[in-house]
Amino acid sequence: MQGLTSTLRRMTGERRAIVDTPAGAPSPLQPIDLTDDASVTEVLDLAVRVGEVTLAAGTGAIDTAAQVQFVAATYGLNRCDVDVTYNSITISAYRGPTLPPASTMRIVHYRSMDFTRLAAVDGLARRIRLQVPTPSAALTELDEIITAPHPYNRWIATLAWSGMAAAISVLLGGGVLVAVVSFLTTMVIDRVGRVLNRAGLPFFFQQVVGGFIASAPAITLYSYQAELGISISPSQIIAAGVTVLLSGLSLVGSVQDAITGAPITAAARFFELLMMTGGIIAGVATTLRLAALLGAELPVLSNVAPPDITEVPTKVLAGAAASAFYALACYAERRSLTAAFFGGFAGALFFLIAQQVGFGPVLSSAIAATVVGFVGGLLARRALIPPLIVAVAGITPLLPGLSVYRGLFALLGDQTLLGMSALLAALGTGGALAGGVTLGEWGARTLRRPRIVYRAGSLRRPSRKTMRPDARRLKRPDAVRSLLPIRNRKPMDGRWDGER
């Protein structure tokens, strides 16, 4: 009972894990002069630019605001109001009753799924917390992070997207032929999308083109399978392509904002999600309608049976591989790839187990996503990477691409009830995935007594031991140690730190 009580106390404790979320800024080692407008402006610019990278990567509005406020407070701007919306960050700093408040605003014009950049900015925030470099030095490092090229060649990202589609087709029950067709189809989608993006075509129409390319080869092969001597399931190929197109959308951030109290940003992100999904549906619907007009044979919808128990190991490995490929396509570093692989492994395993037990797809997705969020938070703490990387990569193989295709196909076949049911199931599955990830991350973040991070020049890895929160000791500079209460200081070279 004591062990159970201790575990529950750790899970429900109010102290958040400092390596996951900036719970509060330390006493500044080098507080800036609040009367110096240039210094204050420099700190505010650093804070909003850190928030720009995190918001562009799909981080929730509340987490982005906490990161911005933390960076500003580290340099002495403790009383700041931060407002984060869909594409803007505004910060206003109170400097006392005799000085006017300082404020700045930054518009986020882009979306970037560069996980290496996100991890690097997260590492910069950790160094700001421990080392407190000067604002100019931190800005210089931030400029280097933002302007640095991608760590991998673009063709590696293309192959990763293709590998992800092949793995998802296997997860859906496809064979070697389906995996190969999914691989080649996704490669074409990525290269064509890159050309259209260079031309400045709006992203909605890029999704339309992607949906068209995802379905055209599958319908063509299905129509001529007798002549080619093959047997193929087009729904698995189309569903894999739709899942790849859905994976780049801000599903997690939208639901997370709605849950954590940012309704305006949540509504904007959700509307964008609906519009981009509508583009995919329009592309697939155009292909199916053209195929019907040309007299091509269309597949017949059938209920998908739960996987046999003997198929579970293969599908679990396929889900883990899909998560790792997604992280690679988003330019994740090696530590992030390993964490994403294990996150996808856990998500696929619990999803298939829940289906075997008899839970429906929505509840199974919620259970799997909760496990992904919890395990991902712990893995991210171990690897010193943002939990968002593991969470988004872990739930990607579970996105409802097959339900979207089934609902669209039924609507085009005048099966309105079946089509609306499938589309609502897809919407429910997406919400369950995002909500489960948010709950799992909360559980991981509220674990008390996390692994203590130590530093040797720069942050490397967590230590192997934990300490009580009131006795937590990092390898701090002397200036940090001098801020501790006398009762928490330890002798050093035969003297107390307070004597220095």
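Parameters at a glance
- Residues numbered from 1 in each chain as written.
- Predicted model: local features only at pLDDT ≥ 70, side-chain atom pairs only at ≥ 80, totals over all residues.
- Heavy atoms only, no water.
- UniProt positions renumbered as here; feature names shortened; annotations may be inferred.
- Helix = DSSP H or I, 4+ residues; strand = E, 2+ residues; numbered from the N terminus.
- Buried < 20%, exposed > 50% of the residue type's maximum accessible area, 1.4 Å probe, protein only.
- Contact = heavy atoms within 4.5 Å.
- Phe/Tyr/Trp six-rings, centres within 6.5 Å; stacked < 30°, edge-to-face > 60°.
- Lys NZ or Arg CZ within 6 Å of the ring centre and 35° of its normal.
- Pairing = 2+ DSSP bridges.
- Axes fitted to C-alpha atoms, helices over the stretch in contact; angles between N-to-C directions.
- Expected span 1.5 Å × (residues − 1).
- Polar contact = N/O pair within 3.5 Å; in protein donor to acceptor, adjacent residues only side chain to side chain.
- Salt bridge = Lys/Arg side-chain N within 4 Å of Asp/Glu carboxyl O.
- Left-handed = near helix turned anticlockwise from the far one by under 90°.

- Identification of the chain as Threonine/serine exporter family protein from Rhodococcoides corynebacterioides is taken from an unreviewed UniProt entry.
- The annotation that UniProt attaches to the chain under Subcellular location (unreviewed entry) is "Cell membrane".
- What UniProt records for the chain under Sequence similarities (unreviewed entry) is the sentence "Belongs to the ThrE exporter (TC 2.A.79) family."

### Focus: the overall build of the chain
And then number 1: For the chain, the helix and strand inventory stands at 19 helices and five strands.
And then number 2: For the chain, the proportion of its 500 residues judged to be buried stands at 48%.
And then number 3: Across the chain, every contact between residues at least 6 apart in sequence was considered, and the portion connecting residues at least 24 apart equals 71%.

### Brief notes about unusual backbone geometry
And then number 1: Residues other than glycine seldom take positive phi values, yet tyrosine 331 does so here, at roughly 60°.
And then number 2: For tyrosine 331, the position within the fold is in the loop between helix H13 (312–329) and helix H14 (334–357).

### Here we look at the packing of aromatic side chains
And then number 1: According to the stated counting rule, one finds four aromatic pairs in the structure shown.
And then number 2: Seen in terms of ring centroids, tryptophan 161 and tyrosine 326 are 5.6 Å apart; in terms of plane orientation they differ by 70°. Their pairing is edge-to-face. Highlighted residues: tryptophan 161 in helix H6 (residues 154–171) and tyrosine 326 in helix H13, separated in sequence by 165 residues.
And then number 3: Judged by its relative accessible area of 14%, tryptophan 161 falls in the buried class.
And then number 4: Three or more aromatic residues joined by ring pairs form one cluster here, namely Phe115, Trp161 and Tyr326.
And then number 5: The ring centre of tryptophan 155 lies 4.1 Å from the NZ or CZ of arginine 191, which sits over that ring.

### Topic: the sheet that holds strand S2 (residues 88–93)
And then number 1: Spatial ordering of the open sheet is given by S1-S2-S3, a layout of three strands whose pairing is antiparallel. Looking at which strands have only one partner, the edges of the open sheet turn out to be strand S1 (80–84) and strand S3 (102–107). Each neighbouring strand pair of the sheet contributes to a mean axis angle of 10°, computed without reference to strand direction.
And then number 2: Here S1 pairs with S2 via five bridges, running antiparallel. Within S2, the residue paired with aspartate 81 across the bridge is serine 92.

### With respect to the pairing of S2
And then number 1: Counting the residues that bridge the hairpin from S1 to S2 gives three residues.
And then number 2: Pairing between S2 and S3: six bridges, direction antiparallel. Paired with serine 88 across the two strands is isoleucine 107, which belongs to S3.

### Let's talk about helix H2 (residues 37–56)
And then number 1: Between its first and last C-alpha atoms H2 spans 28 Å; for 20 residues at 1.5 Å apiece the expected length is 28 Å, and the two agree.
And then number 2: Within H2, 15 of the 20 residues are buried, which leaves it mostly tucked inside the rest of the structure.
And then number 3: A side-chain oxygen of the first residue of H2 lies 3.2 Å from the backbone nitrogen of alanine 38; this N-cap is aspartate 36.
And then number 4: Just downstream of H2 lies glycine 58, where phi reads positive at about 100°.

### Here we look at the pattern of salt bridges
And then number 1: Evaluated as defined, the whole model comprises eight salt bridges.
And then number 2: Arginine 95 is the salt-bridge partner of aspartate 37, the closest N and O atoms lying 2.8 Å from each other. In this pair, aspartate 37 sits in helix H2 while arginine 95 sits in the loop between S2 and S3, placing the two residues 58 residues apart along the sequence.
And then number 3: Given the relative accessible area of 47%, aspartate 37 is considered partly exposed.
And then number 4: With its nearest N and O atoms 2.8 Å apart, the salt bridge here joins arginine 126 to aspartate 122. Separated by four residues within a single helix, arginine 126 and aspartate 122 lie in helix H4 (residues 115–131), roughly one turn from each other. The burial state of arginine 126 is the same as that of aspartate 122; both residues are buried.

### As for the packing of H6 against helix H7 (residues 176–198)
And then number 1: The geometry of H6 relative to H7 is characterised by a closest axis approach of 8 Å and an angle of 140° between their N-to-C directions. At the point where H6 passes H7, the crossing takes the right-handed sense. For the pair formed by H6 and H7, the contact residues are Arg154, Trp155, Thr158, Leu159, Trp161, Ser162, Gly163, Ala165, Ala166, Ser169 and Val170 on the first element and Val178, Ala179, Ser182, Phe183, Thr186, Met187, Asp190, Arg191 and Arg194 on the second.

### A few points about the environment of valine 209
And then number 1: Relative to the assigned elements, valine 209 resides in helix H8 (residues 203–223).
And then number 2: Taking the C-alpha atoms as reference points, valine 209 and alanine 282, separated by 73 residues in sequence, lie 9.0 Å from one another.
And then number 3: Contact partners of valine 209, with chain neighbours within four places excluded, come to Val192 and Leu196.

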